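# Per-entry structural report
The lines below spell out each chain.
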Amino acid sequence: MSSDSLDYIAKSIKAIPDYPKPGIMFRDITSLIEDPKAFALVISQWEEHYRNAGITKIVGTEARGFIFGAPLALALGIGFVPVRKPGKLPRQTLAESYELEYGMDTLEIHQDALTSEDKVLLIDDLIATGGTAEATVKLVRRLGATIEDAAFVINLVDLPGEAKLRSLDVNPTHLVAFEGE
């Protein structure tokens, strides 16, 4: 993708200081999805990159992973699998807990959503500490599917998320990078 396109994507993301708490610079992707050109650039970049990668399913983590994962799955002609907070999925699920800055959280996936025949791409809006992505990778692998790649719109480079994924033998990619938390 051209640097002009990546610059356009980066400039479409608003920075909100001190949200949700003092000292945090929140990267708001709602401004990106409000801009059809920026949104289309994200999806087309990933479609081009993963078109011939043998991906059979896209897994998106609640909630912003749905926003980017579902249209990419449609563009690639493959299925989309949501990973959600507890109690939101109607069929039998597997759960994986992970650490937050102050406490724990849990994610769930339908037990029948993936098989050993699936090669999965994880999609989310942002990679920071990597806890959500790590839990998602573990869920995918517990179902027997292969996951080697994860794509994010934003990487917060001062946080260890991408390194955490590499330690799990997952190749993370991102479109734009920002410093800070």
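Values in this document were obtained by computation on a predicted structure and should not be read as measured data.

### A closer look at the side chain of Asp 118
Along the chain, Asp 118 turns up in the loop between strand 6 (103–110) and strand 7 (119–127). Among the polar contacts made by the side chain of Asp 118, one reaches the side chain of Thr 56 at a distance of 2.9 Å. Setting aside anything within four residues of it in sequence, one finds Asp 118 in contact with Thr 56, Lys 57, Ala 113, Ala 145 and Thr 146.

### What about helix 4 (residues 64–76)?
When the terminal C-alpha atoms of helix 4 are compared, their 19 Å separation across 13 residues agrees well with the 18 Å that a helix rising 1.5 Å per residue should span. Packing partners of the buried residues in helix 4 comprise helix 2 (30–33), helix 3 (36–50), strand 3 (57–61), strand 4 (79–83), strand 7 and strand 8 (146–156).

### Points about the packing of helix 1 (residues 3–11) against helix 3
Direction vectors running N to C along helix 1 and helix 3 enclose 125 degrees, while the axes themselves pass 9 Å from each other. Judged on the interaxial angle alone, helix 3 and helix 1 are oblique. Seen along the crossing, helix 1 lies across helix 3 with a hand that is left-handed. Packed against helix 1, whose contacting residues are Ser 5, Tyr 8 and Ile 9, the element helix 3 presents Lys 37, Ala 38, Leu 41 and Val 42 at the interface. Counted by class, the contact of helix 1 with helix 3 contains 5 nonpolar, 1 polar and 1 charged residues.

### So, the nonpolar core
Of all hydrophobic cores here, the largest spans 27 residues; its most connected members are Ile 9, Val 42, Trp 46, Phe 68 and Val 153. Elements with a minimum of two residues in this core: helix 3, helix 4, strand 7, strand 8 and strand 9 (171–178). By residue number, the principal contributor to this core is helix 3, which donates 6 residues. If you look at the next biggest cluster of nonpolar residues, it comprises 25 residues, including Leu 94, Tyr 98, Ala 113 and Ile 147.

### Let's talk about the pattern of salt bridges
As a working rule, side chains carrying opposite charge can pair if their charged atoms are close by. Applying the stated rule across the entire model yields 11 salt bridges. A salt bridge links Lys 57 to Asp 118; the nearest nitrogen and oxygen atoms lie 3.6 Å apart. On the criterion of sequence distance, the pair formed by Lys 57 in strand 3 and Asp 118 in the loop between strand 6 and strand 7 is long-range, its members being 61 residues apart. In this structure, Asp 105 and Lys 85 form a salt bridge, with 3.3 Å as the shortest nitrogen-oxygen distance.

Parameters at a glance
- Residues numbered from 1 in each chain as written.
- Predicted model: local features only at pLDDT ≥ 70, side-chain atom pairs only at ≥ 80, totals over all residues.
- Heavy atoms only, no water.
- Helix = DSSP H or I, 4+ residues; strand = E, 2+ residues; numbered from the N terminus.
- Polar contact = N/O pair within 3.5 Å; in protein donor to acceptor, adjacent residues only side chain to side chain.
- Contact = heavy atoms within 4.5 Å.
- Expected span 1.5 Å × (residues − 1).
- Axes fitted to C-alpha atoms, helices over the stretch in contact; angles between N-to-C directions.
- Parallel < 35°, antiparallel > 145°, perpendicular 65-115°, else oblique.
- Left-handed = near helix turned anticlockwise from the far one by under 90°.
- Nonpolar A, V, L, I, M, F, W, Y, C, P; charged D, E, K, R; others polar.
- Core = buried A, V, L, I, M, F, W, Y, C linked by side-chain atoms within 4.5 Å.
- Buried < 20%, exposed > 50% of the residue type's maximum accessible area, 1.4 Å probe, protein only.
- Salt bridge = Lys/Arg side-chain N within 4 Å of Asp/Glu carboxyl O.

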